[in-house]
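Chain and residue survey
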Amino acid sequence: MLAKTIMVQGTASHVGKSVLVAALCRIFYQDGYRVAPFKSQNMALNSFVTREGGEMGRAQVVQAEAAGVEPHVDMNPILLKPTGQASSQVIVLGRPVGNLSAQEYHNGYARKAWDVICGALDRLRRQYDIVAIEGAGSPAEVNLQNTEIVNMRVARLAGAPVLLTADIDKGGALASVVGTLELLPEEDRRRVAGIIINKFRGDLKLFQPAVDFLEERTGIPVAGVVPYFQGFRVQEEDTVSEESLRKSRSPVKREVEIAVIHLPHISNFTDFDALEDEPDVNLRYIGRGTPLGRPDVIIIPGSKNTIEDLVALKRSGMAGEICRLNREGVPVVGVCGGFQMLGRELSDPLGTESAVPRVEGLGLLDIVTTFAREKVTTQVQARVVGAGPLLSPASGQTIAGYEIHMGRTRLGHTSSPAFHIFTRSGETVDCPDGAVREDGLVFGTYIHGLFDADGFRRQFINTLRIRKGLAPLEEGERTGHQEQRQRDYDRLAAHVRGSLDMGLIYRLLDLPGPR
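Sequence order sets the numbering: in each chain, residues are counted from 1 along the sequence as written. Confidence filtering applies because this is a predicted model: local features only for residues at pLDDT of at least 70, side-chain atom pairs given and counted only at 80 or more, and all residues used for totals across whole chains, interfaces and linings. In computing side-chain values, all of the structure's heavy atoms are included and hydrogens and water are not.

Let's shift gears to the side chain of Thr369. Under the scheme used here, helices are H or I runs from DSSP no shorter than 4 residues and strands are E runs no shorter than 2 residues, and both carry numbers assigned from the N terminus. By the element assignment, Thr369 lies in strand β21 (residues 367-384). By definition in these notes, contact holds between two residues if any of their heavy atoms fall within 4.5 Å. Setting aside its immediate chain neighbours within four residues, Thr369 contacts Gln340, Glu345, Leu346, Ser347, Gly407, Arg408, Thr409 and Tyr446.

Have a look at this one:
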């Protein structure tokens, strides 16, 4: 028997579809159902590597975690990672197949992708009780309705009722709902079975006339008004959260300041969520126009366009400022693309990532990186082996994470490995990772998720505290990062369950409700 399906679409991008699907996954999981998320095509720079070594969008990983299941590339069979103006790297079932322009993809490859999508959805429906599907952007993009493979075409394939979601915090929610429905073909309009108003602030009683208007105007029930939530975190899909950027502009006063450089093509920024949640850390994202100041450490994150982002850092003057602060004793850490930028030279002779064949790095690490044709995508376990003030206090600690990179990095005489990888994709290996400078004040790594390890993260922050003359903090009884994420999924589910008409949603699924 095939799984029941339900789909969340939006009146626009960034209306909260990903988070609502995560909430529904958690609710169904709590209610005793085997549930899987699904998004046929995801465009995002924030990705993850599965146990099998496949790359998929982070949003579906979050949804899978909320559902209590292992992430699998069938949950996001097509991932598009923007590489430049109107072009993307196309990843199919976890593996890159090449870079295509928007026109090449929509007018050609999308037809091949549809067969992949059909197969992935069918496999999920044969394994689970419910598949919670997420759309992308808006179904009312009339220029794409004949070629789209992520909204109503998927709803028709799955036989899924659609919950149309609008973000009232941005304004114009009622008009966006009515306008979206007006632009849909009649067949697709009939598939919309409920309306969700998301991110509401204020008195719900005062909003009731708007609910009545929507139901009378559209003939579709309002399935719920979900209040704006604060106080817990659900990882963002493809952009640094507005809340994090707001904190960067108006930072709170805490003992340790960590500056993350907001690169133009920043990727896998969820690497730093665990740092941001620490009670003594003020984590700031530093973009154009944001003063760098004098933080306790500078982190250069991953990038989908490493060479172009390095050139942008130099043009903006940020590269020079980072190097100056490091000469004055401020530590610098690089993750993936940020690690590559720290070196003496980056070259891309095959044009894998950039049209720029070679560029000088920041010169903070004695390493040289060359981009290859094949992408490395693996889950890893590693130990800290680097020397110096930042890494030696954590020597021997184990971390787990994943690699996503096309660069191959060679260490020079004045750099040594920062970590030692002992498993890749479950297989025992003996591989150095990253590099640390002789004085220990600069290190880099290819391992994403480095700071999710509770012991390493706390030791890293305590090292920064000690450098400032502050006493280290003990971990004590504080909840670990992974445990806190599970608690946040439960809080999200409670928040959304109390706001939606779950009776209506179970009727749309033709299911009796909690088991």
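After that view of the structure, there is still more to cover.
So, about the packing of aromatic side chains. Stacked, tilted and edge-to-face are the three classes assigned to paired rings of Phe, Tyr and Trp, where Trp is represented by its six-membered ring and a pair needs centres within 6.5 Å; plane angles under 30 degrees give stacked, over 60 edge-to-face, the rest tilted. Going through the model one piece at a time under the given rule, you end up with 11 aromatic pairs. Taken together, a centroid distance of 6.0 Å and an interplanar angle of 35 degrees make the contact between Phe451 and Phe456 tilted. Of the two residues, Phe451 and Phe456, neither departs from the other in class, the shared state being buried. The rule for a charge over a ring is simple: NZ of Lys or CZ of Arg within 6 Å of the ring centre, and within 35 degrees of the ring normal. Of note, Arg383 hangs over the ring of Phe422, and the distance from its end group to the ring centre comes to 4.1 Å. Here the term buried applies to any residue with accessible area under 20% of the maximum for its type, exposed to any over 50%, and partly exposed to those in between, with areas from a 1.4 Å probe on protein chains only.

Attention shifts here to the sheet that holds strand β11 (residues 192-200). As summarised here, the arrangement of the 6 strands in space is β2-β9-β1-β10-β11-β12, forming an open sheet in which the pairing is parallel. In this open sheet, the two edge strands, each paired with only one partner strand, are β2 (35-38) and β12 (222-227). Strand-to-strand twist in this sheet, taken as the mean axis angle between neighbours without regard to direction, amounts to 20 degrees. By the bridge criterion, 5 bridges tie β11 to β12 in an arrangement that is parallel. Following the sheet pairing, Ile196 is matched in β12 by Gly224. Packed on one face of the sheet, helix α1 (residues 17-30) meets β1 (4-10), β2, β9 (130-134), β10 (162-167), β11 and β12 and runs near 170 degrees to β9. Two strands qualify as a pair provided that DSSP identifies no fewer than 2 bridges between them. Lines are fitted to the C-alpha atoms to define the axes, a helix being fitted only along its stretch in contact, and any angle between axes, read from their N-to-C directions, falls within 0 to 180 degrees.

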